[in-house]
Amino acid sequence: MVTTTDPARALVRTRYPTRGSIESPGPHEYEVLPPDVASISPDGAVLCRKTGDAKVVVGVKGVKDDETLHCRLVDRVELGELPPLDVTRGPVTVSARALAKDGKELADVPVVVSSERPSVLRVAGLSLTPLSVGETSIVARAGNAEQKRKARVVRTLGVEALPLDGGRRINMSLKDGKYELSVSLKTERTLSVEWRGAPYCAYKATGKTHTSNCVLQGKGGVVFDNPAFLEGGSTDVSTNGVVLAEVP
């Protein structure tokens, strides 16, 4: 298979009764059928002109053989959306495909996916395994084409949620580090977040989804409105829709 317009080389081996199988240096007589798919010079330089399959026939001293040439000219690589990458959730699968200039998928062209920081995110085939909190880039390559996408690995925390203010608010204690609190509500509500030990991170906004980030320099915590109280007046501690994660 040839995936670029760069020259490839045909290797011809000949078998003799006394010397066995040896590489034949050429030049040789070649024929490509159909001829519009590719061309090949007497010294074996193969140039694919378009995507398609062709039969390459070679003759050496009256003896002929043929092989199929698969020309798959990759114009671009398409890397699918990355799913959430969380150390606590284990491996996830990503999609990647090679496309021709007309946008058609080259289904038989392998796409190689790699991570620029394997210590953060390990890649095996199309499986991504988050190993540690950090940032990296995922690279998908096929032929001379590649696509790169930034990736962020987080660690979801299972911190105990304690009631404050009679259950109207929730407190979670934290050590130093960088954190992100996400709260998803069923209806639009005004949510306030206080990061203990870092008052400059205070958050207050109205909406269904809320995200607040903070870097704690020392031991502290995060205090936020209880979603159950905001939406129904209940003072029972509820963490439905609440995600607290260590982030890079």
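Just so you know, these numbers come straight off a predicted model, no measurement behind them. (Residues numbered from 1 in each chain as written. Predicted model: local features only at pLDDT ≥ 70, side-chain atom pairs only at ≥ 80, totals over all residues. Heavy atoms only, no water.)

Novice: An account of the side chain of threonine 136 is needed here, citing residue identities and associated values.
Specialist: As for its position among the elements, threonine 136 is in strand E16 (residues 134-142). Owing to a relative accessible area of 7%, threonine 136 belongs among the buried residues under this scheme. For threonine 136, the side chain forms a polar contact with the main-chain nitrogen of arginine 117, separated by 3.0 Å. Contact partners of threonine 136, with chain neighbours within four places excluded, come to Ser115, Glu116, Arg117, Val120, Leu121, Arg149, Lys150 and Ala151. (Helix = DSSP H or I, 4+ residues; strand = E, 2+ residues; numbered from the N terminus. Buried < 20%, exposed > 50% of the residue type's maximum accessible area, 1.4 Å probe, protein only. Polar contact = N/O pair within 3.5 Å; in protein donor to acceptor, adjacent residues only side chain to side chain. Contact = heavy atoms within 4.5 Å.)

Novice: Go over the nonpolar core with me, naming the residues and quoting the values.
Specialist: With 22 residues, the main nonpolar core has Val74, Val77, Leu85, Ala98, Val111, Leu121 and Ala142 as its most contacted residues. If you look at the next biggest cluster of nonpolar residues, it comprises 19 residues, including Leu181, Leu191, Tyr203 and Phe224. (Core = buried A, V, L, I, M, F, W, Y, C linked by side-chain atoms within 4.5 Å.)

Novice: Account for the sheet that holds strand E14 (residues 121-124), with residues named and values stated.
Specialist: Taken together, three strands build an open sheet; the order of strands is E11-E15-E14 and the sheet is antiparallel. Sheet topology places strand E11 (92-93) and E14 at the edges, where each strand pairs with a single neighbour. One ladder, built from two bridges, connects E11 with strand E15 (residues 127-130); its direction is antiparallel. Looking across to E15, one finds that threonine 93 is bridged to serine 127. (Pairing = 2+ DSSP bridges.)

Novice: Account for the layout of surface pockets, with residues named and values stated.
Specialist: Space left empty within the atom packing is revealed by a probe, the size of a water molecule, rolled over the atoms. Here the largest pocket defines a volume of roughly 330 Å³. Forming the boundary of the largest pocket are 19 residues, of which Ala10, Leu11, Val12, Val56 and Glu67 lie nearest the centre. If one sorts the elements of the lining of the largest pocket by residue count, strand E8 (residues 63-71) sits on top with six residues. What the second largest pocket holds in volume is close to 250 Å³. Lining the second largest pocket are Pro83, Pro84, Leu85, Asp86, Arg89, Arg152, Val154, Thr156, Glu180, Ser182, Val243 and Ala245. Counting residues per element, the ones that place at least two in the lining of the second largest pocket are strand E10 (85-86), strand E17 (145-156), strand E20 (177-196) and strand E23 (242-246). Per-element tally for the lining of the second largest pocket: the top contributor is E17, with three residues. (1 Å grid on protein atoms, 1.4 Å probe; cavity = no way out; pocket = protein on both sides within 12 Å on 5 of 7 lines; lining within 4 Å. Points joined across faces, edges and corners; volume = space filled by probe spheres on them.)

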